[in-house]
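# An overview of the molecular structure
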Protein chains: 2
Amino acid sequence: MNHLYEETLNSELKYDGLILKVCHDTVRLEDNSVAGRDVVLHSGGVGVLPVTDDGNVILVKQFRYPQREVVLEIPAGKLEPGENPLECGKRELAEETGYFSHKIRELGMIFPTPAFCSEIIHIFLAEKIKSLPRRQGLDKDEFLDVIEMPFEEALRQVVAGEIKDAKTQIALLKAKLIL
Amino acid sequence: MNHLYEETLNSELKYDGLILKVCHDTVRLEDNSVAGRDVVLHSGGVGVLPVTDDGNVILVKQFRYPQREVVLEIPAGKLEPGENPLECGKRELAEETGYFSHKIRELGMIFPTPAFCSEIIHIFLAEKIKSLPRRQGLDKDEFLDVIEMPFEEALRQVVAGEIKDAKTQIALLKAKLIL
């Protein structure tokens, strides 16, 4: 067996949910011993940090049920199967904030929780943004508030621990290095 | 109903795994409509960025089964029920790398995936580190390599997209602001 590698011996679907599937897999480790692995399968997502010409960022506030609190985040959403991440980012930006960007670039991708979940989130920086004629087009079960604040204030909230969402922290910290 | 808030109407345990539980909950939204929520319950974790007196960082490389690749990360581990995050960080640092820190401070906490998972990761910066007499004490099913590299090289790998793990990106980007 290759060093570090884990070979799948068996995979059992345990839950087929609304936005994720959960499997219990059995794997062979590099010393030929056998172990169990919980695996959450997720189709991945996209997050977009929109920055106005005035140097403000557009964030969204929504209730995140697993944390039981209102969380401040960059606009983001789930990739549809086969969807291009950039197109997904533009769609989510329009749906959640009503903005369109004329200059959008990659800030890289992240593994939010590689220990147990397959999710990958692609992060983009959106500049030269303008308001679309028709604001927001949220999903039926989606409620959120759009918040505009100075970039430096958002960064202060990251450093102070007030912005807790991982993709939002990374988007702001990485954008700081290039803006 | 309060603005944005979601009230639990029902919670059904769907999977009770090795390191997580999965529930399907039914919630009441602010407009009194009803929706379903997938919720992954996780006890939380701790990550520690160790920096040597020479300005190198100590990272670990391990196969992350859900991503099917070897991932470079800060030393990290799961919180035991009731465990203090700082004590957990010291324990994981010793177990995974064989180091002890004489100066450890908080870099804040993160919600890696607030959309569907309750996990919180506490991040620490560990300086004045020294090697313990007995190196590493890994779990039975845990294999990893310890890697030492200059802080600036690790930061370059974050910006270049080579370091993909979210907590590791955040630890390095935040440490850059204060070191």
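For the structure, see preceding data.
So, a few notes on the structure that sits alongside this text. (Residues numbered from 1 in each chain as written. Chains lettered and ligands numbered in written order. Predicted model: local features only at pLDDT ≥ 70, side-chain atom pairs only at ≥ 80, totals over all residues. Heavy atoms only, no water.)

### Here's the deal with the relation of the copies chain A and chain B
Put simply, the rule is: For this overlay, a least-squares fit was computed on C-alpha atoms, restricted to residues scoring pLDDT of at least 70 in both copies. The criterion used for residue contact is that any of the two residues' heavy atoms lie within 4.5 Å.
Note on the copies: chain A fits chain B at an RMSD of 0.0 Å, the axial shift is 0.0 Å, and the rotation between them is 180°. Here the symmetry operator amounts to a two-fold rotation axis. Looking at the rotation axis and the C-alpha trace of chain A, the residue lying nearest is P112 of chain A, at 2.6 Å. A shared binding surface is used by both copies, with 100% of the interface residues of chain A retained as interface residues in chain B.

### Considering the pattern of salt bridges
Quick reminder of the rule: Salt bridge, as used here, is a side-chain nitrogen of Lys or Arg placed within 4 Å of a carboxyl oxygen of Asp or Glu. Numbering of helices and strands runs from the N terminus, with a helix taken as a DSSP run of H or I at least four residues long and a strand as a DSSP run of E at least two residues long. For the exposure calls, accessible area comes from a 1.4 Å probe over protein chains only, and a residue counts as buried if that area is under 20% of its type's maximum, exposed if over 50%, partly exposed in between.
Applying the stated rule across the entire model yields 34 salt bridges over all chains. Note that E127 of chain B and K103 of chain B form a salt bridge whose closest N and O atoms lie 3.7 Å from each other. Within this pair, whereas E127 of chain B is found in strand β9 (residues 121–131), its partner K103 of chain B is found in strand β8 (residues 99–110), the two being separated by 24 residues in sequence. The exposure class assigned to E127 of chain B is buried, which follows from its relative accessible area of 13%. The exposure class assigned to K103 of chain B is partly exposed, which follows from its relative accessible area of 38%. One salt-bridge network, held together by shared partners, links R64, E73, D165 and K167 of chain A.

### Considerations on the pairing of strand β4 (residues 45–50) of chain A
Residues and elements named next belong to chain A. Under the convention used in this document: For two strands to pair, DSSP has to find at least two bridges joining them.
Among the six residues that make up β4, six are buried, leaving the element largely enclosed by the rest of the structure. Across the two faces of β4 the burial is the same, with G45, G47 and L49 and V46, V48 and P50 all buried. Relative to strand β7 (residues 76–78), β4 runs antiparallel, the two being bridged by three bridges. Looking at β7, one finds that G47 is bridged to A76. Where β4 lies against strand β9 (residues 121–131), six bridges are found, and the strand directions are parallel. By the bridge assignment, V46 is partnered in β9 with H122.

### A closer look at the sheet that holds strand β10 (residues 145–150) of chain A
Residues and elements named next belong to chain A. In plain terms, the rule: The convention used is that axes are lines fitted to C-alpha atoms, helices contributing only their stretch in contact, and that angles between N-to-C directions extend from 0 to 180 degrees.
Strand order in the open sheet formed by three strands is β6-β5-β10, with antiparallel pairing between adjacent strands. The open sheet has two free edges, formed respectively by β6 (69–73) and β10, since each of these has just one partner strand. For this sheet, the mean inter-axis angle between neighbouring strands, taken without regard to orientation, is 30°. Two strands pair when backbone bridges link them, and strand β5 (residues 56–64) and β6 are joined in this way by five bridges, in the antiparallel orientation. What sits directly across from R64, in β6, is E69.

### A short note on the nonpolar core
To be explicit about the condition: Residues belong to a common nonpolar core when they are buried Ala, Val, Leu, Ile, Met, Phe, Trp, Tyr or Cys residues joined through side-chain atoms within 4.5 Å.
Of all hydrophobic cores here, the largest spans 46 residues; its most connected members are L49 of chain A together with L49 of chain B. Sequence-distant contacts of L49 of chain A, that is, excluding residues within four places in its chain, are made with V57, L59, I74, F124, L125, A126, F151, A171, L172 and A175 of chain A. Of all hydrophobic cores here, the second largest spans 12 residues; its members include Y15 and F116 of chain A together with V40 and F116 of chain B.

### Concerning a nonpolar patch on the surface
Our working definition: Patch construction takes residues with relative accessible area above 30% that form no salt bridge. Like charges are linked within 9 Å, and nonpolar side chains (Val, Leu, Ile, Met, Phe, Trp, Tyr) are linked within 5 Å. Each accessible area is a Shrake-Rupley result for a 1.4 Å probe, and residues are judged covered by the shown protein chains and nothing else.
Together, V159 of chain A together with L177, I178 and L179 of chain B make up a nonpolar patch on the protein surface, roughly 340 Å² of accessible area in all. Relative to the elements of secondary structure, V159 of chain A occurs in helix α2 (residues 151–159).

### What about the packing of α2 of chain A against helix α3 (residues 166–178) of chain A?
All names here are of chain A. For the record, the criterion: If an angle is under 35 degrees, it is roughly parallel; if it is over 145, roughly antiparallel; if it lies from 65 to 115, roughly perpendicular; otherwise it is oblique. Throughout, a crossing is termed right-handed when the near helix is turned clockwise from the far one, and left-handed when it is turned anticlockwise from it by less than a right angle. Residues are grouped as follows: Ala, Val, Leu, Ile, Met, Phe, Trp, Tyr, Cys and Pro are nonpolar; Asp, Glu, Lys and Arg are charged; every other residue, Gly included, is polar.
It is at 10 Å that the axes of α2 and α3 come closest, and there the two elements cross at 125°. Taken as axis vectors, α2 and α3 run oblique relative to one another. Crossing geometry of α2 relative to α3 is assigned as left-handed. Along the contact surface, α2 presents F151, E152, A154, L155 and V158, while α3 presents Q169, L172, L173, A175 and K176. Across the contact of α2 with α3, the residue classes break down as seven nonpolar, one polar and two charged.

### Points about the packing of aromatic side chains
Which entries qualify depends on this criterion: Ring pairs shown here join Phe, Tyr and Trp side chains whose ring centres sit within 6.5 Å, with only the six-membered ring taken for Trp; geometry is labelled stacked below 30 degrees between planes, edge-to-face above 60, and tilted in between. In our convention, an over-ring charge means Lys NZ or Arg CZ found within 6 Å of a ring centre and within 35 degrees of that ring's normal.
Here the structure, examined in full by the defined rule, presents two aromatic pairs over all chains. Geometrically, the ring pair formed by Y5 of chain A and F63 of chain B is edge-to-face, given 5.0 Å between the ring centres and 65° between the ring planes. With Y5 of chain A in the segment before β1 (7–16) and F63 of chain B in strand β5 (residues 56–64), this pair bridges two chains. The class of Y5 of chain A is partly exposed, set by a relative accessible area of 35%. Classification of F63 of chain B as buried rests on a relative accessible area of 7%. The ring of Y65 of chain B carries R68 of chain B above its face, with NZ or CZ at 4.0 Å from the centroid.

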